[in-house]
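Here are the chains, one letter per residue:
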Amino acid sequence: QVELVESGGGLVQAGGSLRLSCAASGSIFSINHMGWYRRAPGKQRELVAIITRGGRTNFADSVKGRFTISKDNAKNTVDLQMNSLKPEDTAVYYCNAEIQLRGRTGQFLYWGQGTQVTVST
């Protein structure tokens, strides 16, 4: 079984920064991609940023130029650096990863428990 654990959320003022981290652990054979989604109250879940094992990245238009994503393949971790935060960034942020398990065929999508990010006006 695989577990994803996020950390780094909190309360910041508009214009501030936060760094979110996510670590995947368990019976992992390989990870196709890791990324971050967020869900604001009353809104649908949306993709924030994603990074593949080879380092390809994709960002939501709303965060381009403000957020960066990085990973460590050996450690199975991914970080999201969030700068110039805005009140509209307030949401629960979820780490996710597409993972192939040791000894099993196919890939599975896993989610972290979520970490709250609140940006005050």
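Refer to the preceding data block for the structure.
What you see is a predicted model, and the numbers here were worked out from it, not measured in a lab.

Definitions and limits used
- Sequence order as written defines residue numbering, which begins from 1 separately in each chain.
- Residue-level local features of this predicted model are given only where pLDDT is at least 70; pairs of side-chain atoms are given and counted only at 80 or more, and the full residue set underlies all totals for whole chains, interfaces and linings.
- Heavy atoms from the whole structure form the basis of all side-chain values; hydrogens and water molecules are not counted.
- Stacked, edge-to-face and tilted labels apply to pairs of Phe, Tyr and Trp rings (six-membered ring for Trp) whose centres lie within 6.5 Å, assigned for plane angles under 30 degrees, over 60, and everything in between, in that order.
- Remark: a charge is flagged as sitting over a ring if the NZ atom of Lys or the CZ atom of Arg is within 6 Å of the ring centre and within 35 degrees of the ring normal.
- Take the buried Ala, Val, Leu, Ile, Met, Phe, Trp, Tyr and Cys residues and link them wherever side-chain atoms come within 4.5 Å; each set so joined is a nonpolar core.
- Burial classes follow relative accessibility: with a 1.4 Å probe on protein chains only, a residue under 20% of its type's maximum area counts as buried, one over 50% as exposed, and anything between as partly exposed.
- Here a helix means four or more residues in a row that DSSP labels H or I, a strand means two or more in a row labelled E, and each is numbered from the N terminus.
- What makes two strands pair is DSSP finding at least two bridges between them.
- Fitting a line to C-alpha atoms yields each axis, with helices limited to the stretch in contact; the angle taken between N-to-C directions then spans 0 to 180 degrees.
- We count a salt bridge whenever a side-chain nitrogen from Lys or Arg sits within 4 Å of a carboxyl oxygen from Asp or Glu.

Novice: Please clarify how the packing of aromatic side chains should be interpreted in this entry.
Specialist: The description of two aromatic rings rests on the distance between their centres and on the angle between their planes. Scanning the model with the defined rule gives one aromatic pair in all. Looking at Arg45, its charged tip hangs above the ring of Tyr37, at a distance of 5.4 Å from the centre.

Novice: Would you mind going over the nonpolar core with me for this structure?
Specialist: Across soluble globular proteins, nonpolar side chains show a tendency to be buried alongside one another. Judged by nonpolar contacts, the single largest core of 32 residues is most densely connected at Leu4, Trp36, Leu80, Met82, Tyr93 and Ile99. Residue assignment for this core shows that the elements contributing at least two residues are β1 (2-7), β3 (18-26), β4 (28-39), β5 (46-52), β7 (67-72), β8 (77-82), β9 (91-101) and β11 (115-120). With six residues, β9 is the largest single contributor of residues to this core.

Novice: Would you explain the sheet that holds β7 in this entry?
Specialist: Adjacent strands of a sheet pair through backbone hydrogen bonds, lying either parallel or antiparallel. Ordered in space as β1-β3-β8-β7, the four strands form an open sheet in which the pairing is antiparallel. Of all strands in the sheet, those with a lone pairing partner are β1 and β7, marking the two edges. Put simply, the sheet's adjacent strands are angled 15 degrees from each other on average, direction ignored. Both β3 and β8 contribute to a ladder of six bridges, which runs antiparallel. Within β8, the residue paired with Ser21 across the bridge is Asp79.

Novice: It is not clear to me how the pairing of strand β10 (residues 108-111) should be interpreted in this structure. Could you clarify?
Specialist: Two faces belong to every sheet, and in a regular strand the side chains alternate between them. The sheet contact formed by β9 and β10 spans four bridges and is antiparallel. From the neighbouring strand, Ile99 faces β10, where its bridge partner is Phe108. What sits between β9 and β10 in their antiparallel hairpin is a turn of six residues, with Gly103 showing a positive phi close to 80 degrees.

Novice: What's the story with the pattern of salt bridges in this structure? I'm lost.
Specialist: Where charged atoms from two side chains of opposite charge approach closely, those side chains can pair. Throughout the structure, instances matching the rule amount to five salt bridges. In this structure, Arg19 engages Asp79 in a salt bridge whose closest nitrogen and oxygen atoms are separated by 3.1 Å. Here Asp79 lies in strand β8 and Arg19 lies in strand β3, a separation of 60 residues in the sequence. Given the relative accessible area of 39%, Arg19 is considered partly exposed.

Novice: What is the right way to look at the pairing of β1 in this model?
Specialist: The alternating pattern of β1 places Val2, Leu4 and Glu6 on a buried face and Glu3, Val5 and Ser7 on a face that is not buried. Of the pairings in the sheet, the one linking β1 to β3 comprises six bridges and is antiparallel in character. Within the sheet, the bridge partner assigned to Ser7 lies in β3 and is Ser21.

Novice: Help me understand unusual backbone geometry in this model?
Specialist: Leaving glycine aside, a negative phi is the common case for residues, and trans is the common case for peptide bonds. Non-glycine residue Asn76 carries a positive phi angle of around 55 degrees. Looking at the element boundaries, Asn76 is found in the loop between β7 and β8. Judged by its relative accessible area of 19%, Asn76 is buried. Even without a glycine there, the phi angle at Ser84 is positive, about 50 degrees. Here Ser84 is to be found in the loop between β8 and β9. For Ser84, a relative accessible area of 42% puts it in the partly exposed group.

Structural measurements only, silent on function.
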